[in-house]
Amino acid sequence: MKTEVIRLGKGNPEALLRAPALALRRGEIVAFPTETVYGLGANALIESAVQEIFILKGRPQDNPLIVHLPDKSRIDQVAINIPPVFYKLYESFCPGPLTFILEKSDLIPDIVSAGLQTVAVRFPDQRASQELLRLADVPVVAPSANISGRPSATRASHVLDDFKDRIPFIIDDGATELGVESTVLDLCSPMPRILRPGVITAADIKERSGVEVQSYSEGLKKADLRRPASPGLKYRHYAPEAKVLQICSDHENSPDTVVLKMLEQLSDQKIGLFINERSWDILKQRTDIDERVITEYLFSAENSQESAAHELYAAFRALDACGVDVILAEAIPGAEAYMNRLDKACVSESSDIPQDSVKNILFVCTGNTCRSPMAAALFNAYAEKQQSSEITWRAISAGMHTLDGLPATDHSISVLREIDIDISDHRSAQLTEELLAEADLIAVMTRTQRDVLQEMFPDLEDKIKTLSEWALDLDAVSAVDIMDPFAQPETVYRETRDQLRKLIVSLWQKINLPLSD
Ligand code: AMP
Ligand code: MG
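Please read these numbers as outputs of a predicted model, since none were measured by experiment. Every chain is numbered independently, its residues counted from 1 as its sequence is written. Here the convention is simple: chains get letters from A, ligands get numbers from 1, in the order in which they are written. Confidence filtering applies because this is a predicted model: local features only for residues at pLDDT of at least 70, side-chain atom pairs given and counted only at 80 or more, and all residues used for totals across whole chains, interfaces and linings. Note that water and hydrogens are dropped before the side-chain values are worked out from all heavy atoms of the structure.

## Brief notes about the overall build of the chain
Phase 1 of the analysis: A run of H or I in DSSP counts as a helix once it spans at least four residues, and a run of E counts as a strand once it spans at least two, with each numbered from the N terminus. Across its full length, the chain holds 19 helices and 19 strands.
Phase 2 of the analysis: Expected size for 517 residues packed as a compact globule is a radius of gyration near 24 Å; at 25 Å, the chain falls within 12% of this value.
Phase 3 of the analysis: Buried means the residue's accessible area, taken with a 1.4 Å probe over protein chains only, is under 20% of the maximum for its type, while exposed means over 50%, and partly exposed covers the values in between. Counting across all 517 residues of the chain, residues that qualify as buried make up 56%.
Phase 4 of the analysis: For the chain, the share of sequence-separated contacts (at least 6 apart) that also reach a separation of at least 24 residues comes to 71%.
Phase 5 of the analysis: When the accessible surface of the chain is split by element, carbon and sulfur atoms take 48% of a total near 22,000 Å².
Phase 6 of the analysis: Under the counting rule used here, the positive set is Lys and Arg, the negative set is Asp and Glu, and His together with the chain ends is not counted. Where a charge lies is defined by one atom per residue type, namely NZ (Lys), CZ (Arg), CG (Asp) and CD (Glu). Computed over 54 positive and 78 negative side-chain charges, the separation of the two mean positions in the chain equals 3 Å. For the radius of gyration, the atom set is restricted to C-alpha positions; the globular benchmark scales as 2.2 Å times the number of residues to the power 0.38. Note on definitions: a residue-residue contact is assigned when non-hydrogen atoms from the two residues lie within 4.5 Å. Every accessible area reported is derived by Shrake-Rupley at a probe size of 1.4 Å, with residue values counting cover from the shown protein chains alone.

Have a look at this one:
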């Protein structure tokens, strides 16, 4: 099959889209742009066409699809018992990047909803998708037009990369406006709640429609994480071939400073950078950028949230095409949708299973070069001196976003040496699902790390807590974060060491001296 790319440009959309709309209606696959990302479209009423989407993408069958309509006039075909709040939100946000979970009508085949009694519906706000949906005149499922797990497609060329000559039509209407997928809002729960963060936040919904909904982060804390409300959330997503590490700056370390340090640590790797333009300019002044460092897409420092979301997937794909080993991508605190996609892209699938019969405690931090190796060494040293224990606990450590084989930072080594603990031969390890599964107890440093891991691995939820929760019996909300001393002076490392030490003594007692009740 030859893929025909239809460029909209200044042409008449109706004339150009008639053939692909007919094909779509007949049960063929048509990729088209929306304001969020490019979608791989199929007639939602033809089971075999929907099945073809799962096959083309390699998408797990239990991950339901979103049904796209041009407007609400045919909503009754798709959903039943529609609550009044839907119409209220529709007035404020549709067409637009907001997906509604509603009760499913019998007309929609089970394959669309992956067997759920609910269905996801959206009304895209983009001229090509509007016209195509109107001409096809059938509900259209359209997951992102990428092979499952890969970065979503935000340009027609990305769709070609993944599906050239496997689908009959791609509609090309340039880069998508927003660049991250829609906000998914569940209207079937007692209180509307956001299941997937997108450009539209709970605060936007409150402000523009007066409707109170549970935000994504509130939902993460309260949800029954064993059963993800949105099945797609449990899968690894958006990931390029290269390993992705986050650039986490703070008030003392600007992004360019953090990048410089990371470049030093990754001296033998080919690096792709995804940072804001201002930091890039400063970085170029501070150092000679050699050819092992590549940028393809930068984002604007002024409206960084929107701009970074807009370019993220394109940057991942372009840097992959350059053959980089590692992508350093700037973290933007508070950018909920962008950070959600970035966090998911960072999780590694590589496996490194420890073969051990003793009980394992796994300390987890970000880079596995400061906090978690210190914690593991402190724990092992303490446990060795305690004779009373009947169980042999062994601590190991790993990082959520790291590379295998990096040494601990100099200050981590020096402040532990002060108390006769040697971690000079520590080498970092990327956290893997296998390491998590093997561990009997997992202690992370921050609440965010806990939330991310619990969301990704709901089956392991009971084993995953912050160190402070394990050690002090704190509940999830009052847990204390152990901040990253990375790139700070030695005194800060010393404080971190002492904080860890206190918690580890409590932890050791908790796990070895069961409470008498
Ligand atoms: P994608 O098509 O890749 O944008 O993913 C669609 C997202 O919508 C996934 O996260 C799905 O799990 C979610 N979704 C689709 N239908 C439902 C549903 N009936 N209930 C909950 N989440 C859904
Ligand atoms: Mg997708």
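After that view, the rundown keeps rolling.
## Regarding unusual backbone geometry
Phase 1 of the analysis: Here C94 and P95 are connected by a cis peptide whose omega angle stands at -5°.
Phase 2 of the analysis: Take P95: it is sitting in the loop between α4 (84–93) and β6 (96–104).
Phase 3 of the analysis: You will see that A114, though not glycine, has its phi angle at about 55°, which is positive.
Phase 4 of the analysis: For A114, the position within the fold is in the loop between α5 (110–113) and β7 (118–123).
Phase 5 of the analysis: What makes A114 partly exposed here is its relative accessible area of 25%.
Phase 6 of the analysis: One non-glycine residue with positive phi stands out, namely N368, at about 55°.
Phase 7 of the analysis: Note on placement: N368 falls in the loop between β16 (359–365) and α14 (371–385).
Phase 8 of the analysis: Assessed through its relative accessible area of 0%, N368 is described here as buried.

## Here we look at the pairing of β6
Phase 1 of the analysis: Burial within β6 is extensive, with eight of its nine residues counted as buried.
Phase 2 of the analysis: With six bridges joining them, β6 and β7 adopt antiparallel strand pairing. Considered in β7, the bridge of G96 is made with F123.
Phase 3 of the analysis: With four bridges connecting them, β6 and strand β10 (residues 183–186) associate as parallel partners. Paired with T99 across the strands is V184, a residue of β10. If DSSP finds at least two bridges between two strands, the strands pair.

## Describing the packing of aromatic side chains
Phase 1 of the analysis: Pairing of aromatic rings covers Phe, Tyr and Trp, the last counted by its six-membered ring, and requires centre-to-centre distances within 6.5 Å; plane angles under 30 degrees mean stacked, over 60 mean edge-to-face, and any other angle means tilted. A full pass over the atoms with the stated rule returns ten aromatic pairs.
Phase 2 of the analysis: Charge over a ring is defined by NZ of Lys or CZ of Arg lying within 6 Å of the ring centre and within 35 degrees of the ring normal. A cation over an aromatic ring shows up here: K465 above the ring of W470, its NZ or CZ 4.6 Å from the ring centre.

## Remarks on the environment of T34
Phase 1 of the analysis: Here T34 is to be found in the loop between β2 (30–33) and β3 (38–43).
Phase 2 of the analysis: Look at T34 and you get buried, because its relative accessible area is 4%.
Phase 3 of the analysis: Distance in space between the C-alpha atoms of T34 and F93 is 15 Å, their sequence separation being 59 residues.
Phase 4 of the analysis: Filtering out sequence-adjacent residues up to four positions away, T34 remains in contact with R122, P124, Q126, S129 and T176.
Phase 5 of the analysis: Here a polar contact is taken to be a pair of N or O atoms separated by no more than 3.5 Å, where protein atoms must pair a possible hydrogen donor with a possible acceptor and residues adjacent in sequence count only if both atoms sit in side chains. A distance of 2.8 Å separates a polar atom in the side chain of T34 from the backbone oxygen of V37.
Phase 6 of the analysis: Within polar-contact distance, the side chain of T34 engages the side chain of R122 at 3.1 Å.

## Overview of the pairing of strand β13 (residues 271–274)
Phase 1 of the analysis: Side chains I271 and L273 project from β13 onto one buried face, and the interleaved G272 and F274 project onto a second face that is buried too.
Phase 2 of the analysis: With three bridges connecting them, β13 and strand β14 (residues 293–295) associate as parallel partners. Counted as the bridge partner of I271 is V293 from β14.
Phase 3 of the analysis: Here is how to tell: hold the view so the strands point away, follow the path from the first strand over the helix to the second, and if it runs clockwise the crossover is right-handed. For the segment spanning β13, helix α11 (residues 277–286) and β14, crossover handedness is right-handed.
Phase 4 of the analysis: Summarising the sheet, β13 and strand β15 (residues 326–330) pair through four bridges and their orientation is parallel. The residue of β15 that forms the bridge with G272 is I327.

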